[in-house]
Amino acid sequence: MNKLSFTTVTLLSCFAISSCSQDLNDYSQHKNAFDIKEYFNGNVTAWGTIQDASDVVTRRFCVELQGTWKNGDGVLAEKFYFDDGEISYRNWHFSQQSDGHYIGTAEDVIGEAIGWQQGFAFNLTYTLLLPVDGSTYQVSMDDWMYQLDQHRVINKTAINKFGVNVANVTLFFDKQPPVKGCQ
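Everything in this summary refers to the structure shown in the same document.

Scoring rules and cut-offs
- Residues numbered from 1 in each chain as written.
- Predicted model: local features only at pLDDT ≥ 70, side-chain atom pairs only at ≥ 80, totals over all residues.
- Heavy atoms only, no water.
- Pairing = 2+ DSSP bridges.
- Helix = DSSP H or I, 4+ residues; strand = E, 2+ residues; numbered from the N terminus.
- Axes fitted to C-alpha atoms, helices over the stretch in contact; angles between N-to-C directions.

## Re the sheet that holds strand β3 (residues 73-82)
Step number 1: One closed barrel accounts for 10 strands, arranged β1-β2-β3-β4-β5-β6-β7-β8-β9-β10; its pairing is antiparallel. Across the sheet, the mean angle separating the axes of adjacent strands is 25 degrees when strand polarity is ignored.
Step number 2: The pairing of strand β1 (residues 42-52) with strand β10 (residues 164-174) spans eight bridges and is antiparallel. The partner of glutamine 51 across the bridge, within β10, is asparagine 168.

## A look at the pairing of strand β4 (residues 87-96)
Step number 1: Pairing of β3 with β4 involves nine bridges; the strand directions are antiparallel. From the neighbouring strand, lysine 79 faces β4, where its bridge partner is tyrosine 89.
Step number 2: Hairpin connection of β3 to β4: four residues between the antiparallel strands, including glycine 85 at a positive phi of 100 degrees.
Step number 3: In terms of strand pairing, β4 meets strand β5 (residues 102-105) through four bridges, oriented antiparallel. Bridge assignment links glutamine 96 to a residue of β5, and that residue is tyrosine 102.
Step number 4: Adjacent in sequence and paired antiparallel, β4 and β5 are bridged by five residues, among which glycine 100 carries a positive phi angle near 100 degrees.

This is the structure:
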């Protein structure tokens, strides 16, 4: 294949892939709003998997979350329990802006996470420092959360490096009383 043909096929493929991606406005017609301040207030437990780019599960984990909010500002403390025995922590600090979107920071996030809500969906994008086998990589995270009901949320996250999907995370959040823990 010559260089012009290769470039044309590459550009058309990128256009086709990008035109199929979801947009937060896809959820604007849904009347039930996903309020992260309400849902992530108090204790929540989640169970998840990490899949490689081929969708093979490489790790399983449970995470205990404790959220506290005052006005539009919140702290979400996360404790992760991985199936290989690793335990890790992340502490999010969120602030709701005047136009309704959220700004978030955490100790392993570069810069600020940006979050938007529409209908039952919430999208959070950020750059994460991800430790893997003794090295740390800077990756782009694209979190999509969908509230199923007052107690349950499902989350799908694409992990990208240089615009290429390298892994995915699937999470199921539950806060139905009594909230179960990981241990």
